[in-house]
Amino acid sequence: MKYEISITKTANPKARPADESKLGFGRIFTDHMFMMDYATDKGWYNGRIVPFGPIAIHPASTVLHYGAEIFEGMKAYRAADGTIRMFRPLENVKRLNQSAERLCLPQLDEEGCLDILNTLVELEKDWVPHNDGTSLYIRPFLFGNDPHLGVHAVKEATFVVICSPVGAYYAEGINPVKIAIESQDVRAVRGGTGYAKCGGNYAASLRAGQRAEEQGYTQVLWLDGVERKYIEEVGAMNVMFKIGGKIVTPALSGSILPGITRKSCLELLKDWGYTVEERQISVDELFEAAANGSLEEAWGTGTAAVVSPIGQLFYNGNAYTLCGGKIGEVAQKLYDNLTGIQWGKIDDAHGWSYTVCNG
Ligand code: PLP
Ligand code: COI
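Now for a quick tour of the structure. Remember, predicted model here, so these are calculated numbers, not experimental data. (Residues numbered from 1 in each chain as written. Chains lettered and ligands numbered in written order. Predicted model: local features only at pLDDT ≥ 70, side-chain atom pairs only at ≥ 80, totals over all residues. Heavy atoms only, no water.)

**A closer look at the environment of glycine 225**
Consideration 1: Its location among the elements puts glycine 225 in the loop between strand 10 (219-223) and strand 11 (231-234).
Consideration 2: Residues glycine 225 and aspartate 185, 40 residues apart in the sequence, show an inter-C-alpha distance of 8.4 Å.
Consideration 3: Residues contacting glycine 225, with those up to four places away along its chain left out, are Val186, Ala188 and Val189. (Helix = DSSP H or I, 4+ residues; strand = E, 2+ residues; numbered from the N terminus. Contact = heavy atoms within 4.5 Å.)

**Structural notes on unusual backbone geometry**
Consideration 1: For asparagine 46, which is not a glycine, the phi torsion comes out positive at approximately 60°.
Consideration 2: In this fold, asparagine 46 is placed in strand 3 (residues 43-51).

**Structural notes on the side chain of serine 308**
Consideration 1: Here serine 308 is to be found in strand 16 (residues 306-315).
Consideration 2: Using a relative accessible area of 0% as the deciding quantity, one classes serine 308 as buried.
Consideration 3: Apart from the residues within four sequence positions on either side, serine 308 is in contact with Tyr170, Val177, Met237, Trp299 and Gly300. (Buried < 20%, exposed > 50% of the residue type's maximum accessible area, 1.4 Å probe, protein only.)

**What about the pairing of strand 5 (residues 74-78)?**
Along any regular strand, the residues point their side chains to alternate faces of the sheet.
Consideration 1: Most of strand 5 sits inside the fold, with five of its five residues counted as buried.
Consideration 2: With burial as the criterion, each face of strand 5 is covered, one bearing Met74, Ala76 and Arg78 and the other bearing Lys75 and Tyr77.
Consideration 3: Relative to strand 7 (residues 135-144), strand 5 runs antiparallel, the two sharing three bridges. If you follow methionine 74 over to strand 7, its bridge partner there is isoleucine 138. (Pairing = 2+ DSSP bridges.)

**So, the pairing of strand 2 (residues 32-39)**
Consideration 1: For strand 2, the tally of buried residues reaches eight of eight residues, placing the bulk of the element in the interior.
Consideration 2: With burial as the criterion, each face of strand 2 is covered, one bearing His32, Phe34, Met36 and Tyr38 and the other bearing Met33, Met35, Asp37 and Ala39.
Consideration 3: Hairpin connection from strand 2 to strand 3: three residues lie between these consecutive antiparallel strands.
Consideration 4: As defined by bridge partners, strand 2 adjoins strand 8 (residues 156-166) across six bridges and the pair is classed as antiparallel. Looking across to strand 8, one finds that phenylalanine 34 is bridged to valine 161.

**Some remarks on the site of ligand 2**
Consideration 1: By nearness alone, every residue bordering ligand 2 is listed as Phe25, Phe71, Gly73, Tyr137, Arg139, Tyr169, Lys197, Tyr202, Ala236, Thr303 and Ala304.
Consideration 2: Taking lysine 197, its side chain carries an N or O atom lying 2.8 Å from an oxygen atom of ligand 2.
Consideration 3: Across the complex, the protein chains shield 89% of the 280 Å² of accessible surface that ligand 2 would expose by itself.
Consideration 4: With respect to the pocket detection grid, ligand 2 is positioned in the largest pocket. (Near = heavy atom within 4 Å. Polar contact = N/O pair within 3.5 Å; in protein donor to acceptor, adjacent residues only side chain to side chain. Areas by Shrake-Rupley, 256 points an atom, 1.4 Å probe, with all protein chains shown as cover. 1 Å grid on protein atoms, 1.4 Å probe; cavity = no way out; pocket = protein on both sides within 12 Å on 5 of 7 lines; lining within 4 Å. Sits in = over half its atoms within 2 Å of the grid points.)

**Focus on the layout of surface pockets**
Consideration 1: In this structure, the largest pocket occupies an estimated 680 Å³ of space.
Consideration 2: For the largest pocket, the lining is made up of 35 residues, of which Tyr169, Tyr202, Gln219, Gly235 and Ala236 are closest to its centre.
Consideration 3: Of all the elements in the fold, those that place two or more residues in the lining of the largest pocket are strand 7, helix 4 (199-214), strand 10, strand 11, helix 5 (260-271) and strand 15 (295-302).
Consideration 4: Among the elements that line the lining of the largest pocket, the one with the most residues is helix 4, at seven residues.
Consideration 5: By residue class, the composition of the lining of the largest pocket is 15 nonpolar, 14 polar and six charged.
Consideration 6: In this structure, the second largest pocket occupies an estimated 220 Å³ of space.
Consideration 7: For the second largest pocket, the lining is made up of 19 residues, of which Gly133, Ala168, Ala305, Val306 and Tyr335 are closest to its centre.
Consideration 8: Secondary structure elements with two or more residues in the lining of the second largest pocket: strand 5, strand 16 and helix 7 (329-342).
Consideration 9: The leading source of residues in the lining of the second largest pocket is helix 7, at three residues.
Consideration 10: Across the lining of the second largest pocket, the residue classes tally to eleven nonpolar, seven polar and one charged. (Points joined across faces, edges and corners; volume = space filled by probe spheres on them. Nonpolar A, V, L, I, M, F, W, Y, C, P; charged D, E, K, R; others polar.)

Structure (structure tokens):
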């Protein structure tokens, strides 16, 4: 079911970034955004593409007080054949609905949501950058918007999609990042909201992230919230290790985000004949493997960061260098293949590319 979408074009289109090598991440926004409102008695209504700009919000709005907000992160690419494509967008739509279910926010029709993304990206297609390693980051978000202060599941909500031309998420690009394992704060627990992509998870992660940054680390690697012993995920990425020739990654236990890049990497790794284990990994196991030389590689996976090799892990005062601080073979192969599929440079055997329009 498609939603009705009215389009009001901006009278003042902005100049597009002149130097695509300096895009950074999430600081420049396109000319338009999508908005749609929800009320329990009306369903979703007033779907509209409007000029990009501030959103008026009631000071008592649920999102401002109780954090009822979920979001997605996906990308559109300018492929080698000139088409504009997205990568497995239906997976993001499904995850948005799973997050909505957890936070008692209204769900979106899958086909309708895909059509919204498609319509907005097609309108903004000239904003999809051209340089290697760049893309148009798409940020759908949905928030509870009741104009009163009672704590309950909302009756009103707003769905918005904004777009930002981006380069690499980390200043390091594909070069290895330094990650600190966090032993004080926890991000999420089973039964909580860890598997949902909700703003509150990120708010809870900021203090540890800041501490790690102050010590020269790019991001935090979270441990489980109960025993503080099992590896969970990195701030904006899932994490994978190559131990004794096998690929090991934390199982989806409910407290980590079910990453679409994670899922795609696991499918590629299986195609290539690797043994893949989705299970609990304790920090002790990890450092034992580091000590005996069987921890061959570690990397993170995520939409923003794609595949990001981990060159150093810090834990309880000790720093461990991994893979000689260099990009590992498997991380590089995953990066090359994923971006190759996304940019339409190599065969898309799984049918993950979704063509939006001609560029
Ligand atoms: N884990 C967290 C906490 C994230 O923010 C992200 C980024 O979206 C991921 C994992 C990776 O998920 P995906 O591959 O779907 O982008
Ligand atoms: C993404 O990879 O899309 C993310 O959401 C990571 C981060 C910017 C929150």
